[in-house]
Amino acid sequence: MIEQLRETIAQAVPGVTLEIIQSTPAAQQPALLVDRDHAFATAKFLKENQQLDFCSCVTGVDYPKLGQIEVVYHLYSVAKKTGPVVLKVRAPRELEQCRVPSLTPLWRGCEFQEREAYDLFGVKFDGHPDLRRILMWDEFTDHPMRKDYVPPKDYEWEPTPHDDTLTRAVEVAGIIPPSAREELEKAKKK
Amino acid sequence: MGFLGKGLFQGMAVTARNFVGTYFDRGTREKLVTYQYPEEKPPLPENSRSFPFLVYDGTPDAMRCVACKICETECPPQCIYIVMDRDEKGKPQQRPKVFDIDISVCMQCQICVEVCPFEAIKMDNDYEKSQYGRFDDLIEHLPDLLKSNEYYNEIKPTEAKAVDAKLKAEAEKKAKKGTSKPAAAAPAKPAAPAPAPKPATAPAGKITIPEDAPFTAEQRAWLAGFLSAGGVATSGTGVSPVAVAETTGETPVPLPEATPAAEAPAGGWPWHDPGLGMSQRMDLVKAAPLADKLMAAMAQTDCHACGYDCRGYADAIAAGSETDLSLCLPGEAETAKKLEELMKEAGKL
Amino acid sequence: MIQQISPIPTGMIETQTIEVSIGPQHPSTHGVFRMDAVLDGETVVGLKPVMGYLHRNHEQLAERMTWLASIPYTDRLDYFNSMTNNWALCLSVEKLAGIKVPERAEYIRVIVSELTRILNHSCVIGFMLQDLGAWGTPLLYAFREREKILDLFESLSGARMMCNYMRFGGVRVDMTDAMVAQAKDIVAKFPRFLDEFEQLLSNNEVLLARCQKVGILPKELAINASISGPMARASGVDYDIRKVDKYGVYGRFDFRVPLGEVGDVYDRYYIRVLEMRESIKILNQALRDLPAGAFVAPEVKLRNFKIPPGDGYGRVEAPKGELGFYLVSDEGGKMPYRYHCRPPSFINLTTLEDMCLGHKVADVVIILGSVDIVLGEVDR
Ligand code: SF4
Ligand code: SF4
């Protein structure tokens with residue numbers, strides 16, 4: 001099955017490099033790893049010639065060992081009721097080079113999911129109409145699903161105008177927050 | 001469709017019917033579905049769950065929990081905190097000193113109940129847990145958590161009955177094993193010693209292995225260690241498996257290679273006693289083969305936290321089929337460190 | 001529907017578009033969800049959904065714990081339908097590990113899932129009418145029926161909503177005869193309630209006027225935008241995973257997949273009524289054929305459960321659409337290396353703007369209601 005598909009794609013998209021990645025022995029969902037430059041053409045071919053009209057699931061996977069981030073597309077065909085064909089694209093982990101072509105022009109369904117992958121993994125999708133963060137807030141700077149992400153100690157801390165108010169309260173009015181109070185008392189005893 | 005507004009009238013008819021219907025079928029609760037809550041509580045089904053509690057038999061001292069920490073590791077939001085009780089000398093006491101559940105974090109998933117091998121933790125159905133404080137008041141400590149087996153039987157009769165029956169069967173099996181084992185090992189001497197007296201206090205009798213006994217050098221060395229360790233075999237009446245072997249000419253001695261993993265040797269493993277400290281246990285296995293040394297480093301609770309019993313885990317490590325040395329939860333860092341040390345000594349790490 | 005946008009009248013009064021933020025704290029958004037709407041008068045000319053207020057990174061949490069420990073967390077995704085969420089994860093894991101589920105467990109899974117579907121759809125309809133301004137009545141009727149199903153779930157799994165009921169290779173507790181009888185009773189009485197519900201609503205002139213020809217989603221767009229579940233079927237997309245994948249034992253039941261024609265809000269309302277009737281059919285068959293036997297595969301260990309390295313994607317037809325889990329296991333195999341949840345209500349929001357353009361602000365509320373979102377799942 002997948003071998004055949006690979007042959008067909010190789011004929012239709014000149015210059016493409018395709019590699020088959022096996023899933024677990026039980027799952028039987030081998031994937032096609034396609035190089036970044038031909039990903040869009042391959043996807044287009046799959047959509048138009050193989051009637052894979054339904055892009056069900058898009059997500060990223062971080063592989064620090066390979067130094068790469070993988071974007072996985074699960075394609076189904078509503079017309080033929082077949083699937084899934086799993087398409088994988090890999091990009092280097094470094095933020096500047098972590099770019100893959102966006103498939104949103106082909107499948108609208110990728111729009112939010114690619115935004116999510118950008119948000120959580122930092123993959124930039126070239127050609128995406130509206131690539132913004134979607135789950136994290138706009139001022140957030142990191143990409144939390146990467147394996148090397150270290151969560152902050154205080155999850156909810158972010159700079160707010162309230163910080164100034166607090167500092168001023170300490171300085172001007174002499175109000176001491178409970179956390180600092182203990183230390184002060186210790187110092188006094190000494 | 002008929003005239004304009006017909007649908008509206010139909011809808012009004014339905015509401016009217018329901019309105020009137022509320023006043024009927026009171027007895028069957030088919031229509032009247034409101035409970036006047038604080039005064040009148042809806043009956044809870046048996047499976048209903050709120051927060052976990054610890055079961056004890058008879059008195060709160062006899063709690064079933066052995067502080068094996070399986071529930072602590074498996075709890076998805078990590079809201080259980082356990083410290084094992086130790087006496088002044090640092091011997092583990094097989095029961096928790098601290099057992100806290102933070103019920104502001106607990107998500108009532110029942111996973112702790114499912115994984116506990118000792119039927120020690122069960123789900124309560126008391127849902128009225130509101131407190132005035134946000135932090136300390138919402139942490140349940142050991143005394144709050146302990147509830148009697150009778151209470152458990154009251155709230156979950158079928159489940160508790162099944163558990164009681166299972167525990168009883170297990171206890172009987174154990175009792176049988178305890179009496180039949182020494183008898184089988186030493187048929188000639190029915191006055192076999194108790195399976196596990198405290199070896200520390202028992203006098204270490206000296207038994208030499210006769211020159212003509214059919215052992216290889218390695219086996220001989222192991223036996224010497226086994227005997228000089230002053231285990232079960234040498235205490236009390238002084239009957240040891242070896243002595244039996246000598247007299248009967250058979251060799252029921254558990255030789256390291258031949259021992260099946262799960263079966264204890266006739267006299268039991270002297271170090272397989274959670275009451276002993278680590279150093280005492282290590283003394284007992286000074287000359288024993290690696291697998292026994294490894295086993296002696298475990299916490300000896302047979303809690304299956306590692307996925308084996310203590311013997312099985314030691315054998316798996318010795319055979320190389322298990323590479324993770326940190327699986328013994330009740331043994332904590334002490335065991336993990338010792339295991340690593342032993343493996344390094346043996347040149348396997 | 002973009003052609004309907006009224007052009008700004010030139011030469012008359014000078015007008016401006018204004019940007020209105022609907023939500024995040026707004027009763028019509030079904031949770032903390034925000035819509036940035038650009039309005040020209042009362043007409044919507046632009047609308048961006050903004051989410052993430054409930055984001056807790058469910059996926060990362062799951063990657064830091066064992067496979068078993070993430071089952072109770074799936075309950076919290078779409079908190080109306082914890083049973084189908086459990087099933088989706090268990091199905092994916094069973095696919096990866098090659099676990100065979102005993103017959104009885106499969107039937108019980110079908111029963112609880114179809115009950116969940118009924119529960120979800122009746123509430124969605126209630127909420128949708130709440131959005132229309134039918135204050136209270138239909139919603140409370142729906143909740144009254146839902147309560148009966150929740151009672152069954154409580155006696156079965158111990159909790160009303162956070163059921164945490166399924167396990168890899170089966171279900172956690174067996175369904176006793178009393179529970180089967182209770183389920184049969186619910187199923188037998190439900191059609192009467194549905195008839196009543198329809199009498200109350202389906203021909204109601206106000207409902208028709210507000211719902212028909214509002215928020216049309218064309219079939220092609222629905223497929224292209226990965227819309228799934230009742231929303232896609234209301235647009236005429238003949239795609240039901242229960243029929244296509246035949247997961248579990250769905251291949252054995254006789255039921256139809258209702259399809260809409262127009263793809264407007266009314267179709268999305270009516271599709272759900274029809275789906276409930278089909279669910280009743282499935283339930284009748286499943287309760288009739290429920291075999292005896294084990295309810296969980298005995299060879300599956302609860303602790304130290306491991307999956308061979310590799311990846312796989314499993315999906316079920318949840319009441320809101322296609323709920324899938326993409327899982328990757330590595331050498332250790334004790335915890336997921338990657339755990340991705342494909343939430344239907346998140347992806348169904350992709351076309352919210354397309355459906356809302358050109359309609360009045362009041363319609364946005366009802367269009368969103370007809371998408372049927374739960375923010376626990378959208379934000380994860
Ligand atoms: S799992 Fe272990 S620590 Fe937890 S309650 Fe059971 S016996 Fe106690
Ligand atoms: S019920 Fe679940 S969350 Fe609560 S203590 Fe047990 S395992 Fe932890």
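Only a predicted model underlies this, so the values are computations on that prediction, with no experimental measurement involved.

A. A look at the overall build of chain A. Tallying secondary structure elements over chain A gives 5 helices and 7 strands in all. Going from the N terminus to the C terminus, chain A shows its helices and strands as α-β-β-α-β-β-β-β-α-β-α-α. Split into buried and exposed, the 190 residues of chain A put 48% on the buried side. Here the contacts in chain A between residues at least 6 apart in sequence split such that 50% fall between residues at least 24 apart. Entry remark: accessible area of chain A is about 10,300 Å², with carbon and sulfur atoms responsible for 53%.

B. Structural view of the site of ligand 1. Taken together, B:Cys65, B:Val66, B:Ala67, B:Cys68, B:Lys69, B:Ile70, B:Cys71, B:Ile82, B:Cys116, B:Phe118, B:Ala120 and B:Ile121 make up all the residues around ligand 1. Among the residues making up the shell around ligand 1, the classes are represented as 11 nonpolar, no polar and 1 charged.

C. Highlighting the packing of aromatic side chains. All names here are of chain C. Tallied over the entire structure, the rule returns 22 aromatic pairs over all chains. Each ring, one from Phe127 and one from Phe143, has its centre 5.9 Å from the other, and the planes form 85°; the classification is edge-to-face. Highlighted residues: Phe127 in helix H4 (residues 103-132) and Phe143 in helix H5 (residues 137-157), separated in sequence by 16 residues. Take Phe143: its relative accessible area is 25%, and that puts it in the partly exposed class.

D. Region of the structure containing the site of ligand 2. Contacts to ligand 2 come from 13 residues, most closely from B:Cys75, B:Cys106, B:Cys109, B:Gln110 and B:Cys112. Residue classes in the shell around ligand 2 are distributed as 11 nonpolar, 2 polar and no charged.

E. Just helix H3 (residues 82-97) of chain C, in detail. All names here are of chain C. Helix length check: H3 (16 residues) gives 22 Å between terminal C-alpha atoms against 22 Å at 1.5 Å per residue, within 8%. Along H3, 14 of the 16 residues are buried, which leaves the element largely enclosed by surrounding structure. Count one or two residues on from H3 and you reach Gly98, which has phi positive near 70°.

F. The sheet that holds strand E8 (residues 310-318) of chain C, seen in detail. Residues and elements named next belong to chain C. Pairing in this open sheet of 3 strands is antiparallel, and the strands run E8-E9-E10 from one edge to the other. Each of the sheet's edge strands pairs with one partner strand only, and the pair in question is E8 and strand E10 (336-342). Each strand of the sheet is rotated relative to its neighbour by a mean of 15°, with strand direction disregarded.

G. Local environment of the interface of chain C and chain A. In this complex, chain C contributes 49 residues to the contact, which on the side of chain A involves 49 residues. Surface buried jointly by chain C and chain A totals about 3,800 Å² across both partners, of which 56% is contributed by carbon and sulfur atoms. Counting across the interface, chain C meets chain A through 4 salt bridges. With a closest N to O distance of 3.0 Å, C:Asp354 and A:Arg108 form a salt bridge. Across the contact surface, chain C and chain A share 21 residue pairs in polar contact (both at pLDDT 80 or more). Looking at the side of chain C that touches chain A element by element, the count peaks at 5 residues for E8(C). The residue inventory of the side of chain C that touches chain A, partitioned by class, reads 21 nonpolar, 13 polar and 15 charged.

H. Quick look at the interface of chain B and chain C. Each side of the interface is counted separately: chain B has 36 residues, and chain C has 38 residues. Remark: the boundary between chain B and chain C carries 2 salt bridges. At the boundary of chain B with chain C, the tally comes to 10 residue pairs in polar contact (both at pLDDT 80 or more). Broken down by element, the side of chain B that touches chain C gets its largest block of residues, 9 residues, from helix H1 (residues 6-21) of chain B. Of the residues belonging to the side of chain B that touches chain C, the class tally is 18 nonpolar, 11 polar and 7 charged.

I. Quick peek at the packing of H3(C) against H4(C). Residue and element names in this part refer to chain C. Interaxial distance between H3 and H4 falls to 9 Å at its minimum, and their mutual angle equals 145°. Taken as a pair, H3 and H4 cross one another with a handedness that is left-handed. Contact with H3, carried on its side by Met83, Thr84, Trp87, Cys90 and Glu94, involves Glu106, Arg109, Val110, Val112, Ser113 and Thr116 of H4 and no other residues of that element. A breakdown of the residues in the contact of H3 with H4 according to their chemical character gives 5 nonpolar, 3 polar and 3 charged.

J. Up close: a nonpolar patch on the surface. Residue and element names in this part refer to chain B. Among the surface-exposed residues, Phe19, Val20 and Tyr23 lie close enough to one another that they form a single nonpolar patch of about 350 Å² accessible area. Following the sequence through the fold, Tyr23 ends up in the loop between H1 and strand E1 (52-56). Overall, Tyr23 belongs to the exposed group, its relative accessible area being 54%.

K. Expanded view of the pairing of strand E4 (residues 68-77) of chain A. All names here are of chain A. For E4, a buried count of 9 out of 10 residues is recorded, marking the element as mostly surrounded by other parts of the structure. Note that strand E3 (residues 54-63) and E4 share 9 bridges and pair antiparallel. Considered in E4, the bridge of Thr59 is made with Val72. In the sheet, E4 pairs with strand E5 (residues 82-92) via 9 bridges, with the strands oriented antiparallel.

L. Structural view of the environment of C:Lys100. All names here are of chain C. In this structure, Lys100 sits in the loop between H3 and H4. Sequence separation between Lys100 and Gly314 is 214 residues; the distance between their C-alpha atoms is 15 Å. When near neighbours in sequence (up to four residues on either side) are disregarded, Lys100 contacts Ala297 and Glu299.

M. Representation of the pairing of strand E5 (residues 43-50) of chain C within the structure. Bridge count between strand E4 (residues 34-40) of chain C and E5(C): 7 bridges; the pairing is antiparallel. Within E5(C), the position partnered with C:Met35 by the bridge is C:Pro49.

Thresholds applied
Residues numbered from 1 in each chain as written. Chains lettered and ligands numbered in written order. Predicted model: local features only at pLDDT ≥ 70, side-chain atom pairs only at ≥ 80, totals over all residues. Heavy atoms only, no water. Helix = DSSP H or I, 4+ residues; strand = E, 2+ residues; numbered from the N terminus. Buried < 20%, exposed > 50% of the residue type's maximum accessible area, 1.4 Å probe, protein only. Contact = heavy atoms within 4.5 Å. Areas by Shrake-Rupley, 256 points an atom, 1.4 Å probe, with all protein chains shown as cover. Near = heavy atom within 4 Å. Nonpolar A, V, L, I, M, F, W, Y, C, P; charged D, E, K, R; others polar. Phe/Tyr/Trp six-rings, centres within 6.5 Å; stacked < 30°, edge-to-face > 60°. Expected span 1.5 Å × (residues − 1). Pairing = 2+ DSSP bridges. Axes fitted to C-alpha atoms, helices over the stretch in contact; angles between N-to-C directions. Buried area = accessible area lost by both parts, 1.4 Å probe. Salt bridge = Lys/Arg side-chain N within 4 Å of Asp/Glu carboxyl O. Polar contact = N/O pair within 3.5 Å; in protein donor to acceptor, adjacent residues only side chain to side chain. Left-handed = near helix turned anticlockwise from the far one by under 90°. Patch = residues over 30% accessible without salt bridge, like charges linked within 9 Å, V, L, I, M, F, W, Y side chains within 5 Å.

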